[in-house]
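Structural overview
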Amino acid sequence: MGRGRFHLKTLGQERSLSALGVQAGAGAAGPDPPRGRVHLLGNGADCVSLTDYCAAALLLLLPATMFHLLLAARSGPARLLGPPASLPGLEALWSPRALLLWLAWLGLQAALYLLPARKVAEGQELKDKSRLRYPINGNPIYDFFLGRELNPRICFFDFKYFCELRPGLIGWVLINLALLMKEAELRGSPSLAMWLVNGFQLLYVGDALWHEEAILTTMDITHDGFGFMLAFGDIAWVPFTYSLQAQFLLHHPQPLGLPMASVICLINAIGYYIFRGANSQKNTFRKNPSDPRVAGLETISTATGRKLLVSGWWGMVRHPNYLGDLIMALAWSLPCGVSHLLPYFYLLYFTALLVHREARDERQCLQKYGLAWQEYCRRVPYRIMPYIY
């Protein structure tokens, strides 16, 4: 999710649920510092910690939250914070046909992933120069939630890389399209609001797939384990939660005139321009600092030998791509009107996620770049929103 990818501890990819770990300048942040746990009982490896309790709670809370959002979008009141009007029967929660369709969808994406006629790109070099990291030991619940295997693979099939973009993001677009077609069936034609939501989010997903190689430099791929959080987020949370605006519009149609629609399109265009410009500038600089498009940008040298961009998009705020992401998130919600909070869940959730991720980025960059990062922060004081935050 983010990419609009899913990340809770932070989605990304460049956004990223994904989402969906973008640093200013040439390099991604270093490895995560040792996870700090608040010990409640015992000590050492056998202790029970607050972090473990939180991980166990999230195993139940995340599916329940997604289920609540889906029910709320279909209900008359469409309350984000209140209980749903009614709960479906057990027979409505299980469908062998739906399970087969889901397995067929994953199988199709896996087959496309394994096609030999595809571009192969190298990921970020690991610390040992050659091997993937396979951490061991720890609390089983916490490890199951976050994942201890960095890049689980069977031959050339990388489970984490596969899940980051393909089944969830493409599934999100297909769910949106199905909702658009259902609205056309019910009302004769899709509403302008539904067209805008579908168009904006299709552009976002298309951008993610077009720039797929950029995901190889994100923290999801280089540092985060592949556990319940990423697996559930990529396969379930992203397609069903990120399509919430389209689900809301199907059950709660909203009038939208051309003047307001034009304003919303302009907001989305501004967000996308910032998002794509910042990410393209960063990726170009990482690949080739001598590229004419970035050669004239001002930089700060670091003790690691890398340089930090301190002009261009990355001289405006420390995370301009996050700013673009949030502006687009607002544009996705505005076609749903302002009578309900539910369609703005993604904007609220994504704001909290990116603020948390930004704080995590800051800690890692300070640890990696030291005085150079302090100088960068002095020269670029705003984190995400100019003159505000």
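Note that residues are indexed from 1 along each chain, following the sequence as it is written. With pLDDT at 70 or above as the cut-off, local features in this predicted model cover only qualifying residues; side-chain atom pairs require 80 or more to be listed or tallied, and sums for whole chains, interfaces and linings still use all residues. Note that water and hydrogens are dropped before the side-chain values are worked out from all heavy atoms of the structure.

Within the protein, the secondary structure is distributed over twelve helices and six strands. Here the Shrake-Rupley method, with its probe set to 1.4 Å, supplies the accessible areas, and only the displayed protein chains count as covering residues. When the accessible surface of the protein is totalled, it reaches about 18,500 Å², and 67% of it is carbon and sulfur. Strands here are runs of E lasting at least two residues and helices are runs of H or I lasting at least four, both read from the DSSP assignment and numbered beginning at the N terminus.

Let's shift gears to the state of the cysteines. Here, a disulfide means two cysteine sulfur atoms that sit within 2.5 Å of each other. Taken as a whole, this structure holds zero disulfides when the rule is applied. Free of any disulfide, C377 has its nearest neighbouring cysteine sulfur in C365, separated by 8.3 Å.

Moving on, we get to the packing of helix α5 (residues 192-210) against helix α9 (residues 258-287). When two helices pack together, their arrangement is given by the angle between the helix axes and by the axis-to-axis distance. Interhelical geometry of α5 versus α9 gives an angle of 10° and a closest axis separation of 11 Å. Between α5 and α9, the angle falls in the class roughly parallel. Between α5 and α9, the contacting residues are L192, L196, F200, L203 and D207 on the first element and L258, A261, I264, C265, N268, Y272, F275 and R276 on the second. When its residues are assigned to classes, the contact of α5 with α9 shows ten nonpolar, one polar and two charged. Between the N-to-C directions of two axes lies an angle of 0 to 180 degrees, each axis being a line fitted to C-alpha atoms and, for a helix, fitted only over the stretch in contact. Each angle receives one of four descriptions, namely roughly parallel if under 35 degrees, roughly antiparallel if over 145, roughly perpendicular if within 65 to 115, and oblique otherwise. Contact between two residues is taken to exist if any of their heavy atoms lie within 4.5 Å; hydrogens are not considered. Note on residue classes: Ala, Val, Leu, Ile, Met, Phe, Trp, Tyr, Cys and Pro are nonpolar, Asp, Glu, Lys and Arg are charged, and everything else, Gly too, is polar.

Note on patches: the residues involved have over 30% relative accessible area and no salt bridge, like charges join within 9 Å, and the nonpolar side chains Val, Leu, Ile, Met, Phe, Trp and Tyr join within 5 Å. Criterion for a salt bridge: a side-chain nitrogen of Lys or Arg within 4 Å of a carboxyl oxygen of Asp or Glu. Together, W94, L99, L100, W102 and L103 make up a nonpolar patch on the protein surface, roughly 540 Å² of accessible area in all. Looking at the secondary structure, you find L99 in helix α2 (residues 96-113).

When the charged atoms of two side chains with opposite charge come close together, those side chains can pair. The final tally for this structure, using the stated rule, is ten salt bridges. As a salt-bridge pair, R153 and D158 come within 3.0 Å of each other at their nearest N and O atoms. Taking the relative accessible area as the measure of exposure, R153 reaches 48% and is therefore partly exposed. A 1.4 Å probe rolled over the protein chains alone gives each residue an accessible area, and that area as a share of the maximum for its type sets the label: buried under 20%, exposed over 50%, partly exposed in between.

Here a pair means two rings of Phe, Tyr or Trp (six-membered ring of Trp) with centres within 6.5 Å. Their orientation is stacked below 30 degrees between planes, edge-to-face above 60, and tilted elsewhere. Applying the stated rule across the entire model yields 20 aromatic pairs. Measuring from ring centre to ring centre gives 6.0 Å for Y204 and F275, while their planes differ by 40°; the resulting arrangement is tilted. Of this pair, Y204 sits in helix α5 while F275 sits in helix α9, and the two are 71 residues apart along the sequence. The pair Y204 / F275 is uniform in exposure class, with both members buried. For the pair W373 and Y376, a centre-to-centre distance of 5.0 Å together with 40° between the ring planes defines the contact as tilted. Highlighted residues: W373 and Y376, both in helix α12 (residues 371-379), separated by three residues, approximately one helical turn.

Once that is clear, we can look at unusual backbone geometry. One non-glycine residue, Y387, adopts positive backbone phi at about 65°. Here Y387 is to be found in the segment after α12.

Now for helix α10 (residues 320-333). Each residue after the first adds 1.5 Å to the expected span of a helix. Compared with the 20 Å implied by 1.5 Å per residue over 14 residues, the 21 Å span of α10 between its first and last C-alpha is a close match. In terms of residue burial, α10 counts as a mostly covered element, since 13 of its 14 residues are buried.

Let us look at α12. Among the residues making up α12, those that are buried are A372, W373, Y376 and C377. All buried residues of α12 fall inside an arc of 140° around its axis, so they share one side. Exposed residues pointing more than 90 degrees away from the buried face of α12 are listed as L371 and R378. Contacts made by the buried residues of α12 are with β5 (299-301), β6 (307-309) and α11 (345-369). By definition, the arc is the one covered by directions from the helix axis to the C-beta atoms.

Before going further, it helps to spend a moment on the confidence of the model for the protein. pLDDT is defined as a per-residue confidence score from the predictor, taking values between 0 and 100. Across the protein, the average pLDDT comes to 80, with 81% of residues at 70 or higher. Mean pLDDT values over the elements of the protein span from 41, in strand β1 (residues 39-41), up to 95, in α10. When the criterion is pLDDT under 50, residues 7-46 qualifies, and its contacts beyond four places in sequence or with other chains add up to 220 contacts. Here residues 131-137 is modelled with pLDDT under 50, and outside its nearest four sequence neighbours on either side it reaches 15 contacts, counting other chains as well.

Here the focus is the side chain of Q281. Residue placement: Q281 occurs in helix α9. Ignoring any residue separated from it by four or fewer positions in sequence, one finds Q281 in contact with V294, L297, L309, S311, G312, W313 and W314.

Moving on: the side chain of T241. Secondary-structure assignment places T241 in helix α7 (residues 228-241). With sequence-adjacent residues up to four places away left out, T241 is seen in contact with M66, L69, A236 and F345.

What follows concerns the packing of helix α4 (residues 159-187) against α5. Contact pair α4 / α5: the axes reach a minimum separation of 10 Å and the direction vectors enclose 160°. By the angle between their axes, α4 is roughly antiparallel relative to α5. Considering how the two elements wind past one another, α4 and α5 form a crossing that is left-handed. Along its contact with α4, which presents L165, L169, I170, W172, V173, N176, L177, L179, L180 and E183, the element α5 presents M194, W195, N198, Q201, L202, Y204, V205, A208 and L209. Split by residue class, the contact of α4 with α5 holds 15 nonpolar, three polar and one charged. A clockwise turn of the near helix away from the far one marks a right-handed crossing, whereas an anticlockwise turn of less than a right angle marks a left-handed crossing.

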